[in-house]
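Topology and contacts: notes
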Amino acid sequence: MRQGHHGMLPDNTQDEASRQSFVQSLKLHLARQVSPRLRSSYEQKVRPAFEKQHKRAPKSRHEVHDGMLRDSNFQMWSSLQRTSQELKQDSQTEIAFRQIDSLAERALKLVRGSNRTTVRSNPDLAIPRYATAVDIHTIPGGYHSELIKDDVLTGAVYDPGVWLYSMGRMGDYNEDIGATLISFLKEKHPGLKPKRILDMGCAVGHSTLPYTEAYPEAEIHAVDIAGPMVRYGAARAASLGKAVQFSQQNAEATDYPDGYFDLIVSHILLHETSHKGLRNIVRESHRLLAPGGLMIHAETPSYGKLADPYDQFILDWDTYYNNEPYWGPLKDEDLRAITAGAGFKRENYFEQVQPSAVGGEHAKNRTKLFQGGDFGGAGAWFLWGAKK
Ligand SMILES: C[S@@+](CC[C@H](N)C(=O)[O-])C[C@H]1O[C@@H](n2cnc3c(N)ncnc32)[C@H](O)[C@@H]1O
């Protein structure tokens, strides 16, 4: 199985490919063989000990976490899980770093040669603290760091990294989340004909490109705070003959005029922001939408649907050990109130788990692999608001 080809993928030597394949096998082993044993540890040791001490079962993911921290099976799994993540980032970064100059040149050439896709970089953009304070999910230097002029390095790390991480289960072009959100739109809003679409936190455009096919008449814009991501994304889109206007912007405060878009989407952006960032993004979405416009943010499933605090605890691993500090806190936000507070109609808010457009059974495994847990939900969680 191979990642869908385009003009920006870094080259791999045989040794590099074999190192990647090792990381892939390690991740699979942890997800399929080791992670299920954690539940037995919980059921047989950690929960009984908690019940003995507190005369009740654990009520929250935090209580389960406190108990599991002392469990040697959890300690081993968690440290191997973290190691596999660091190995993945390191091997991917080394490959892209070796080609850093030629990738930057390739990107410039592809975008210059396109009359459909553009990119605007903004070296003066203030990067929010939530993106600079931690190396988000262990990407060295985060998404935004730049080492050379016209750098595309983090894009070249991220693109094959997502494919490796999901083992192709997000589709040949990692398009799963965008395609899934589109499948929701086609089902619920079959008559929707957006003139302009904005994808917030687009990264390298994995989720953006499916909109070019689903809504060929629409003008499609995609913003991200990270220069290397939008430059790589634009070059990737150009090499695939797509028309997208990429720009390096903060989704909390963009330079588009009021009411410019009729559809605003994001795909797994919100959990990488902050308490304040989330509110600003929802407010900015409201400002940017034309009357009647739609905002939909696809996210990881809400914990509210999971009755068992153990399941919530497993899904929360990234909050503590994968440099994703807002992952768990986002689940505790009152999204209905935030959406209404930004001016959206309160009654239009809903959350929905949508089956993956790339494959139902597939998506189950994908969620398992992503989380190292056994949550059976198959797709995305949506935050939705229609402008009054
Ligand atoms: C997990 S990635 C998003 C993946 C992408 N949407 C996709 O579906 O392939 C999160 C991205 O959001 C970007 N980001 C974080 N905060 C942002 C903000 N305030 N405005 C714009 N982009 C932001 C990061 O730089 C990163 O590229």
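Note that this is a predicted model, so its numbers are computed, not measured.

We now examine the overall build of the protein. Along the backbone of the protein there are 15 helices and 8 strands. Relative to the 2.2 N^0.38 estimate, which gives 21 Å for 388 residues, the radius of gyration of the protein is 21 Å and therefore close to what a compact globule would have. Here the C-alpha coordinates of the protein stretch approximately 65 × 55 × 35 Å along the principal axes. Split into buried and exposed, the 388 residues of the protein put 48% on the buried side. At a minimum sequence separation of 6, the contacts of the protein that also span at least 24 residues come to 80%.

This next bit is on the environment of His-62. Positionally, His-62 belongs in helix H2 (residues 61–68). Linking His-62 and Pro-309, residues 247 residues apart in sequence, is a C-alpha distance of 8.4 Å.

Before going further, it helps to spend a moment on the site of the ligand. Around the ligand, a shell composed of 24 residues is seen, among which Gly-201, His-206, Ser-207, Ala-251 and His-267 lie nearest. A breakdown of the residues in the shell around the ligand according to their chemical character gives 14 nonpolar, 7 polar and 3 charged.

Taking 1.5 Å per residue, 13 residues should reach 18 Å; helix H9 (residues 227–239) reaches 18 Å between its end C-alpha atoms and fits that length. Within H9, 13 of the 13 residues are buried, which leaves it mostly tucked inside the rest of the structure. Gly-241 sits one or two residues past H9 and shows a positive phi near 75°.

Most of strand S6 (residues 289–299) sits out of view: 8 of its 11 residues are buried. Note that strand S5 (residues 261–267) and S6 share 6 bridges and pair parallel. When the bridges of S6 are listed, His-267 appears paired with Ala-298.

Another aspect to go through is the pairing of strand S3 (residues 219–224). Extensive coverage of S3 is indicated by the burial of 5 of its 6 residues. For strand S2 (residues 196–200) and S3, the ladder comprises 5 bridges, and the chain directions are parallel. If you follow Ile-197 over to S3, its bridge partner there is Ile-220. For the handedness criterion, the β-α-β arrangement of S2, helix H8 (residues 209–214) and S3 is classed as right-handed. Pairing of S3 with strand S4 (residues 245–248) involves 4 bridges; the strand directions are parallel. Directly across from Val-223, in S4, lies its bridge partner Ser-247. Each parallel crossover has a hand, and for S3 linked through H9 to S4 it is right-handed.

Our next topic: the packing of helix H1 (residues 14–54) against H2. Packing of H1 against H2 leaves a shortest axis separation of 10 Å and a crossing angle of 105°. Comparing their axes, H2 and H1 come out roughly perpendicular. Residues Tyr-42, Val-46, Ala-49 and Phe-50 of H1 form the contact with H2, whose own contacting residues are Glu-63, Val-64, Gly-67 and Met-68.

The subject of this paragraph is helix H6 (residues 153–166). End to end, H6 covers 20 Å across 14 residues, agreeing with the expected 20 Å (1.5 Å per residue, within 8%). Across the 14 residues of H6, 11 count as buried, placing the element largely inside the fold. Those residues of H6 hidden inside the fold are in contact with helix H3 (72–98), helix H4 (100–112) and H9. Met-167 sits one or two positions beyond H6 and adopts a positive phi of about 50°.

Take the environment of Thr-93 next. If you trace the backbone, Thr-93 turns up in helix H3. Residue Thr-93 is classed as partly exposed on the basis of its C-beta count, with 18 C-beta atoms lying within 10 Å. Sequence separation of Thr-93 and Ala-31 is 62 residues, and the distance between their C-alpha atoms is 23 Å. Setting aside residues up to four positions removed in sequence, Thr-93 forms contacts with Pro-140 and Val-157.

Axis separation between H3 and H6 bottoms out at 9 Å; the angle between their running directions is 135°. Taken together, the axes of H3 and H6 are oblique relative to one another. Crossing angle aside, the handedness with which H3 passes H6 is right-handed. Counted together, Lys-88, Gln-92, Thr-93, Ala-96 and Phe-97 of H3 and Leu-153, Ala-156, Val-157, Pro-160, Gly-161, Leu-164 and Tyr-165 of H6 form the full contact between these two elements. A breakdown of the residues in the contact of H3 with H6 according to their chemical character gives 8 nonpolar, 3 polar and 1 charged.

What follows covers the nonpolar core. The nonpolar side chains of soluble globular proteins are, as a tendency, buried together. Of all hydrophobic cores here, the largest spans 64 residues; its most connected members are Ala-107, Ala-235 and Ile-264. At 7 residues, H9 tops the list of elements feeding residues into this core. Excluding residues that lie within four positions of it along the chain, Ala-107 makes contacts with Met-8, Asp-150, Val-152, Arg-231, Tyr-232 and Ala-235.

As a further point, take unusual backbone geometry. The phi dihedral of Lys-55 falls on the positive side, at around 60°, and the residue is not glycine. Its location among the elements puts Lys-55 in the loop between H1 and H2. Taking the number of C-beta atoms within 10 Å as the measure of exposure, Lys-55 has 7 and is therefore exposed. The phi angle at Ala-203 is positive, at roughly 55°, despite the residue not being glycine. On the secondary structure map, Ala-203 appears in the loop between S2 and H8. Among the residues examined, Ala-203 registers 26 C-beta atoms within 10 Å and is labelled buried.

Criteria and cut-off values
- Residues numbered from 1 in each chain as written.
- Predicted model: local features only at pLDDT ≥ 70, side-chain atom pairs only at ≥ 80, totals over all residues.
- Helix = DSSP H or I, 4+ residues; strand = E, 2+ residues; numbered from the N terminus.
- Rg over C-alpha atoms; globule rule 2.2 N^0.38 Å.
- Buried ≥ 20, exposed ≤ 12 C-beta atoms within 10 Å, placed from the backbone.
- Contact = placed C-beta atoms within 7 Å.
- Near = placed C-beta within 6 Å.
- Nonpolar A, V, L, I, M, F, W, Y, C, P; charged D, E, K, R; others polar.
- Expected span 1.5 Å × (residues − 1).
- Pairing = 2+ DSSP bridges.
- Right-handed = clockwise from strand over helix to strand, strands pointing away.
- Axes fitted to C-alpha atoms, helices over the stretch in contact; angles between N-to-C directions.
- Parallel < 35°, antiparallel > 145°, perpendicular 65-115°, else oblique.
- Left-handed = near helix turned anticlockwise from the far one by under 90°.
- Core = buried A, V, L, I, M, F, W, Y, C linked by C-beta atoms within 7 Å.

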